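A look at the structure
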Amino acid sequence: MAGALDGIRVVDFSRVFAGPAATQILGDLGADVVKVEAPLGGDEARYLGLTEGTEPRLGVSPSFLALNRNKRSIALDLGSEAGREVARKLLTQCDIAVHNFRPGAMRKWQLDYDSLNDANPGLIYGEFYAYGPSGPLSEIGANDLALQAHSGLMSLTGEPGRPPVRIGTAAVDLHGSLALVGAVLAALYSRTQTGKGQRIEASLLLSSAHLMNYFYSEYWIDGTVRKPMGTANHLSVPNQVFPTADGSVVIIAPSDAMWQRCAQALDAERLAIPRYKTVRDRQTHRTEVIEAISAVTRQLSSQEVIERLGPVKVNVAKVNNAGEAAEHPQLAESGGVTEFDYAGETVKAVSSPFRLTGTPAETRHAPPLLDQHRDEILADYGLAPDEIRRLAEAGAFSEGSGPERKVAKAG
């Protein structure tokens with residue numbers, strides 16, 4: 001079945017998390033994604049998080065495998081004029097370009113949008129930054145953790161009275177990747193109307209601000225600055241983790257009607273009382289309500305709580321570890337799991353976070369070895385063998401001069 005982006009060419013200079021996560025989704029949708037990597041090491045994510053257990057088996061880290069399927073790899077030395085010449089040839093023939101270099105790097109190499117616009121006016125040029133291309137922080141390097149801190153997100157995470165903690169996943173990176181995908185798709189649609197491409201921007205800053213949006217609005221409106229509440233939420237009670245006899249569950253009953261169903265299902269005598277009747281009542285007596293619910297849930301298993309609350313349409317979930325969540329049948333049933341063969345193994349990965357019934361996202365090939373597809377990419381982009389030989393001798397494909405080819409091995 002054809003993908004929604006069949007025939008679309010993407011040249012991807014990004015590395016680590018946010019950019020590769022975005023271009024993987026484009027690849028899942030059928031785009032031909034060429035991953036441009038540095039010679040020798042390639043994308044840093046190839047070895048970030050590499051363990052003694054995975055290195056001898058797969059040769060790359062799980063995070064690289066998670067974010068780089070449906071791509072072809074070519075290694076280019078952008079520090080050499082020959083490497084930049086190849087990059088320009090790719091960029092003048094593609095539909096979409098993505099990079100996450102620091103501000104000014106692509107302009108220095110004359111690989112920026114303005115330098116390419118005349119040669120490829122339909123180009124959609126995606127730039128992903130830490131803080132953005134301008135402003136007082138634009139030159140400062142940052143990652144997901146730094147923006148969790150800068151945005152205030154970390155100030156809300158953790159237990160009251162204790163030091164802030166990071167969210168356990170790269171939430172800002174991955175949220176930003178979806179923002180970049182959305183902008184790319186909007187620009188593609190605009191191009192069908194105008195025939196012209198455009199430069200688009202996404203950043204960790206904008207991603208983290210979007211995650212914090214209602215906290216910022218609250219501050220701008222009345223000056224409120226929220227503090228950490230553990231797993232609780234200031235919007236309603238109950239809305240947090242509760243202990244059970246064998247673990248923990250989350251219970252969320254924000255409306256008065258849902259609260260009544262929750263109270264009746266758990267322990268009507270203890271919970272369905274006038275003192276806790278309204279949203280305002282439960283917020284006023286927050287500590288008391290939480291203690292009363294906890295006294296009930298501690299006597300029940302997590303499954304028993306779910307069996308009581310689920311059928312009466314109260315929001316409830318067991319607190320799973322990563323393995324329990326990954327193996328839960330609901331994930332596979334929802335289309336959340338994909339597979340590919342890599343280094344002689346069948347590797348599972350999380351699929352794109354949506355389903356299309358007419359043009360589904362699919363896994364067509366595994367994440368690439370470093371520089372695995374050099375010859376076929378250059379042929380597809382119209383480079384003749386003698387031209388490739390000239391560029392290789394000029395150092396386009398390796399650090400320093402010379403034609404030596406350096407390809408990473410998997411397993």
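Please refer to the structure higher up on the page.
Parameters at a glance
Residues numbered from 1 in each chain as written. Predicted model: local features only at pLDDT ≥ 70, side-chain atom pairs only at ≥ 80, totals over all residues. Heavy atoms only, no water. Helix = DSSP H or I, 4+ residues; strand = E, 2+ residues; numbered from the N terminus. Buried < 20%, exposed > 50% of the residue type's maximum accessible area, 1.4 Å probe, protein only. Contact = heavy atoms within 4.5 Å. Areas by Shrake-Rupley, 256 points an atom, 1.4 Å probe, with all protein chains shown as cover. Lys, Arg positive; Asp, Glu negative; His and termini not counted. Charge placed at Lys NZ, Arg CZ, Asp CG, Glu CD. Salt bridge = Lys/Arg side-chain N within 4 Å of Asp/Glu carboxyl O. Expected span 1.5 Å × (residues − 1). Pairing = 2+ DSSP bridges. Axes fitted to C-alpha atoms, helices over the stretch in contact; angles between N-to-C directions. Patch = residues over 30% accessible without salt bridge, like charges linked within 9 Å, V, L, I, M, F, W, Y side chains within 5 Å. Core = buried A, V, L, I, M, F, W, Y, C linked by side-chain atoms within 4.5 Å. Phe/Tyr/Trp six-rings, centres within 6.5 Å; stacked < 30°, edge-to-face > 60°. Lys NZ or Arg CZ within 6 Å of the ring centre and 35° of its normal. 1 Å grid on protein atoms, 1.4 Å probe; cavity = no way out; pocket = protein on both sides within 12 Å on 5 of 7 lines; lining within 4 Å. Points joined across faces, edges and corners; volume = space filled by probe spheres on them. Nonpolar A, V, L, I, M, F, W, Y, C, P; charged D, E, K, R; others polar.

The next point concerns the overall build of the chain. Within the chain, the secondary structure is distributed over 18 helices and 11 strands. Summarising its shape, the C-alpha atoms of the chain cover approximately 85 × 50 × 40 Å along the three principal directions. Buried residues in the chain amount to 44% of all 411 residues. Partitioning the intrachain contacts of the chain with sequence separation of at least 6 by distance along the chain shows that 69% fall at a separation of at least 24. When the accessible surface of the chain is totalled, it reaches about 19,900 Å², and 53% of it is carbon and sulfur. Across the chain, the mean location of the 41 positive side-chain charges is 4 Å away from that of the 49 negative side-chain charges.

Under the defined criterion, the tally for this structure stands at 22 salt bridges. A salt bridge links E127 to R199; the shortest N-O distance between them is 2.7 Å. Note that E127 is positioned in strand 5 (residues 124-129) and R199 in strand 6 (residues 198-203), a separation of 72 residues in sequence. Exposure remark for E127: the relative accessible area of 7% places this residue in the buried category. Its relative accessible area of 39% is what places R199 among the partly exposed residues. Ionic contacts of the salt-bridge type, sharing partners, join the residues D32, R72, E376 and D380 into one network.

Attention shifts here to helix 8 (residues 171-194). Here helix 8 spans 35 Å end to end across 24 residues, near enough to the 34 Å set by a 1.5 Å rise per residue. For helix 8, the complete set of buried residues consists of A171, V172, D173, G176, S177, L180, V181, V184, A187 and L188. In the core, the buried residues of helix 8 are packed alongside helix 1 (18-28), strand 4 (96-99), strand 5, helix 7 (144-151), strand 6 and helix 9 (204-211). Directly after helix 8, the chain includes G195, whose backbone phi takes a positive value near 80°.

What follows concerns the sheet that holds strand 2 (residues 32-37). Spatially, the six strands line up as an open sheet ordered 3-2-1-4-5-6, and their pairing is parallel. Only two strands of the sheet have a single partner each, and these edge strands are strand 3 (71-75) and strand 6. Neighbour-to-neighbour, the strand axes of this sheet turn through a mean angle of 20°, independent of strand direction. Sheet topology places strand 1 (residues 9-12) next to strand 2; four bridges connect them, and they run parallel. When the bridges of strand 2 are listed, V11 appears paired with V34. Against the sheet, helix 9 contacts strand 5 and strand 6, and its axis sits at roughly 60° relative to strand 6.

What follows deals with a nonpolar patch on the surface. Nonpolar side chains collect at one region of the surface, where Y219, W220 and V225 lie side by side and expose about 410 Å² of accessible area between them. Among the secondary structure elements, Y219 is positioned in helix 10 (residues 213-222). Residue Y219 is classed as partly exposed on the basis of its relative accessible area of 45%.

Note that soluble globular proteins tend to have their nonpolar side chains buried in a common cluster. Judged by nonpolar contacts, the single largest core of 32 residues is most densely connected at F13, L76 and F397. If you list the elements that add at least two residues to this core, you get strand 2, helix 4 (81-91), helix 5 (105-108), helix 6 (113-116), helix 17 (374-380) and helix 18 (385-393). Top contributing element to this core by residue count: helix 4, with five residues. Setting aside chain neighbours within four positions, we find L76 in contact with V36, E37, A38, P39, G83, V86, A87, L90, A396 and F397. Core analysis: the second largest hydrophobic core is formed by 30 residues, A18, V98, Y131 and L153 among them.

As a further point, take the packing of aromatic side chains. Taken as a whole and judged by the stated rule, the model has five aromatic pairs. Positioned above the aromatic ring of Y381, the side-chain terminus of R9 is 4.0 Å from the ring centre.

Once that is clear, we can look at the layout of surface pockets. There is about 800 Å³ of room inside the largest pocket. Residue lining of the largest pocket: 31 residues in total, with A66, G336, A349, V350 and S351 positioned closest to the centre. At the level of secondary structure, the elements contributing two or more residues to the lining of the largest pocket comprise helix 1, helix 3 (62-67), helix 8, helix 15 (322-327), helix 16 (329-333) and strand 11 (345-350). Among the residues making up the lining of the largest pocket, the classes are represented as 18 nonpolar, nine polar and four charged.

Right, let's talk about unusual backbone geometry for a bit. With an omega of 0°, the peptide bond between V237 and P238 qualifies as cis. Here P238 lies in the loop between helix 10 and strand 7 (239-244). Residue D371 is not a glycine yet carries a positive backbone phi of 65°. Its place among the elements puts D371 in the loop between strand 11 and helix 17. Residue classification places D371 among the buried positions, given a relative accessible area of 0%.

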